[in-house]
Amino acid sequence: MFITNKINDNFYIITELTDGRMFFSMQLIIGQKKAALIDAGLGEDKSLLEVVRKITDLPVALYITHCHQDHIGNADLFDEVYIGEADRDMYFHKNKYSFLRDGEEIDLGRVTLEACAVPGHSDGSFCFINKKEQYALTGDSVNVDTWLCWESCATPAVYAKTLTEFDLKLKKYDITQLFDGHSIEALPPDICKEMITALNEISSGDTAFDRAHHLEDGKIKYQHLYKNAKIIYDKDFVLKSL
């Protein structure tokens, strides 16, 4: 099922709920000429387009923050899809797509989003900034529960560098709110800085107090905490990067 939250007249958060505990959030941004949907959820519920059509009848283009399954599940419902080129091997649908470009401006008609490449959680991750309304849509690149457990993820050191550059851009445009791919409300205001600190601590080996994180398949990952930031990481992958 989906729930919809109105942030303002041209900004809605659409969240797919699975078992009542998992949130897969998408953002619908509406301009005068067209609308942009950021991400497409897990895809267990295939009525996403119907939910969008209850909000707007404008043409809708889909912009993917990264091509993990829980963000592209319903991407096959859309005719106009954009993804990060470095994530193309993870896109499993058969519909056509185009590649996002770092720094490109997406003109929706009096509403403009800037696409920002933020490789880290995946090589092809993107965030989207609305400079005028001072918010950013971050997918999983910036959130309170970040996973670095797959080959498509950057090392903690590289991720920290990428986020430092992104944080400078947030400051430049005085971005005051961040919305991620698994929450309904805005993230804590300092979460980007806190993630950078946590990633740098992992990279430097300051992990003595990190606890094991047991997955359902029996595999063990580790979690590193710093204030609001939690990084779930694969210790073998991290050790190889040091």
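We now turn to the structure provided with this report.

Analysis parameters
Residues numbered from 1 in each chain as written. Predicted model: local features only at pLDDT ≥ 70, side-chain atom pairs only at ≥ 80, totals over all residues. Heavy atoms only, no water. Helix = DSSP H or I, 4+ residues; strand = E, 2+ residues; numbered from the N terminus. Rg over C-alpha atoms; globule rule 2.2 N^0.38 Å. Buried < 20%, exposed > 50% of the residue type's maximum accessible area, 1.4 Å probe, protein only. Contact = heavy atoms within 4.5 Å. Lys, Arg positive; Asp, Glu negative; His and termini not counted. Charge placed at Lys NZ, Arg CZ, Asp CG, Glu CD. 1 Å grid on protein atoms, 1.4 Å probe; cavity = no way out; pocket = protein on both sides within 12 Å on 5 of 7 lines; lining within 4 Å. Points joined across faces, edges and corners; volume = space filled by probe spheres on them. Nonpolar A, V, L, I, M, F, W, Y, C, P; charged D, E, K, R; others polar. Salt bridge = Lys/Arg side-chain N within 4 Å of Asp/Glu carboxyl O. Phe/Tyr/Trp six-rings, centres within 6.5 Å; stacked < 30°, edge-to-face > 60°. Lys NZ or Arg CZ within 6 Å of the ring centre and 35° of its normal. Polar contact = N/O pair within 3.5 Å; in protein donor to acceptor, adjacent residues only side chain to side chain. Expected span 1.5 Å × (residues − 1). Axes fitted to C-alpha atoms, helices over the stretch in contact; angles between N-to-C directions. Parallel < 35°, antiparallel > 145°, perpendicular 65-115°, else oblique. Left-handed = near helix turned anticlockwise from the far one by under 90°. Pairing = 2+ DSSP bridges.

## Describing the overall build of the chain
Then, number 1: Looking only at helices and strands, the chain has five helices and 16 strands in total.
Then, number 2: Against the 2.2 N^0.38 benchmark of 18 Å for 242 residues, the chain shows a C-alpha radius of gyration of 17 Å, consistent with a compact globule.
Then, number 3: With the C-alpha coordinates aligned to their principal axes, the bounding extent of the chain is approximately 55 × 40 × 30 Å.
Then, number 4: The 242 residues of the chain split such that 52% are buried.
Then, number 5: Once local pairs closer than 6 in sequence are excluded, the contacts in the chain between residues at least 24 apart make up 57%.
Then, number 6: In the chain, 26 positive and 39 negative side-chain charges are present, and the distance between their average locations comes to 3 Å.

## Structural notes on the layout of surface pockets
To find leftover empty space, one rolls a probe the size of a water molecule over the atoms.
Then, number 1: In this structure, the largest pocket occupies an estimated 820 Å³ of space.
Then, number 2: Taken together, 24 residues line the largest pocket, and the ones lying closest to its centre are Met 22, Asp 70, Asp 145, Trp 147 and His 182.
Then, number 3: Only strand E3 (23-30) and strand E12 (145-148) provide two or more residues apiece to the lining of the largest pocket.
Then, number 4: Of the residues belonging to the lining of the largest pocket, the class tally is eight nonpolar, eight polar and eight charged.
Then, number 5: In this structure, the second largest pocket spans a volume of roughly 180 Å³.

## What about the pattern of salt bridges?
Then, number 1: Under the defined criterion, the tally for this structure stands at 12 salt bridges.
Then, number 2: In this structure, the salt-bridge partner of Lys 131 is Glu 114, at a minimum N-O distance of 3.0 Å. Separated by 17 residues along the polypeptide, Lys 131 in the loop between strand E10 (126-130) and strand E11 (135-139) and Glu 114 in strand E9 (residues 112-117) bring together distant segments of the chain.
Then, number 3: Of the residues examined, Lys 131 reaches a relative accessible area of 29% and is grouped as partly exposed.

## Concerning unusual backbone geometry
Then, number 1: Despite not being glycine, Asp 39 shows a phi value in the positive range, around 75 degrees.
Then, number 2: Mapped onto the elements, Asp 39 comes out in the loop between strand E4 (35-38) and helix H1 (48-53).
Then, number 3: The residue Lys 227 is not glycine, and still its phi comes out positive at about 55 degrees.
Then, number 4: Topologically, Lys 227 is positioned in the loop between strand E15 (220-226) and strand E16 (229-233).

## Notes on the packing of aromatic side chains
Then, number 1: Within the structure shown, the criterion is met by nine aromatic pairs.
Then, number 2: Between Tyr 63 and Tyr 82, the aromatic rings sit 4.8 Å apart at their centres with planes inclined by 5 degrees, giving stacked as the arrangement. Residue Tyr 63 is located in strand E5 (residues 60-63), and its partner Tyr 82 is located in strand E6 (residues 81-83); the two are separated by 19 residues in the primary sequence.
Then, number 3: Aromatic pair Tyr 91 and Tyr 97: ring centres 5.1 Å apart, planes at 65 degrees, arrangement edge-to-face.
Then, number 4: When its relative accessible area of 7% is taken as the criterion, Tyr 91 is described as buried.
Then, number 5: Every member of this aromatic cluster is reached through a ring pair, and the members are Phe 11, Tyr 135 and Phe 179.
Then, number 6: Of note, Lys 235 hangs over the ring of Tyr 222, and the distance from its end group to the ring centre comes to 3.9 Å.

## Here we look at the environment of Lys 46
Then, number 1: You can see Lys 46 is positioned in the loop between E4 and H1.
Then, number 2: Between the C-alpha atoms of Lys 46 and Asp 76, which are 30 residues apart in sequence, the distance is 9.8 Å.
Then, number 3: Here the side chain of Lys 46 touches Gly 73 through a polar contact of 3.2 Å, landing on its backbone oxygen.

## A word on helix H4 (residues 191-204)
Then, number 1: With 14 residues, H4 extends 20 Å from end C-alpha to end C-alpha; this agrees with the ideal 20 Å at 1.5 Å per step.
Then, number 2: Every buried residue belonging to H4 is among Ile 191, Cys 192, Glu 194, Met 195, Ile 196, Ala 198, Leu 199, Glu 201 and Ile 202, and all of these are buried.
Then, number 3: Residue Gly 205 follows H4 closely and has a positive phi angle near 90 degrees.

## Thoughts on the packing of helix H3 (residues 156-172) against H4
A pair of packed helices is characterised by two quantities: the angle between their axes and the separation of those axes.
Then, number 1: Relative to each other, H3 and H4 sit at 160 degrees, their axes nearing to 9 Å. Relative to H4, H3 is oriented roughly antiparallel. Between H3 and H4 the crossing geometry is left-handed. For the pair H3 and H4, the contacting residues are Pro 156, Ala 157, Tyr 159, Ala 160, Leu 163, Thr 164, Phe 166, Asp 167, Leu 170 and Lys 171 in the first and Cys 192, Lys 193, Met 195, Ile 196, Leu 199, Asn 200, Ile 202 and Ser 203 in the second.
Then, number 2: Here the residues of the contact of H3 with H4 sort into 12 nonpolar, three polar and three charged.

## Some remarks on the sheet that holds strand E8 (residues 105-107)
Then, number 1: What the five strands build is an open sheet, ordered E8-E9-E10-E11-E13; its pairing is mixed. Each edge of the open sheet carries a strand with a single partner, namely E8 and strand E13 (177-180). Sheet twist, expressed as the mean angle between neighbouring strand axes with direction ignored, is 25 degrees.
Then, number 2: Running at roughly 10 degrees to E10, H3 makes contact with E9, E10, E11 and E13 of the sheet.

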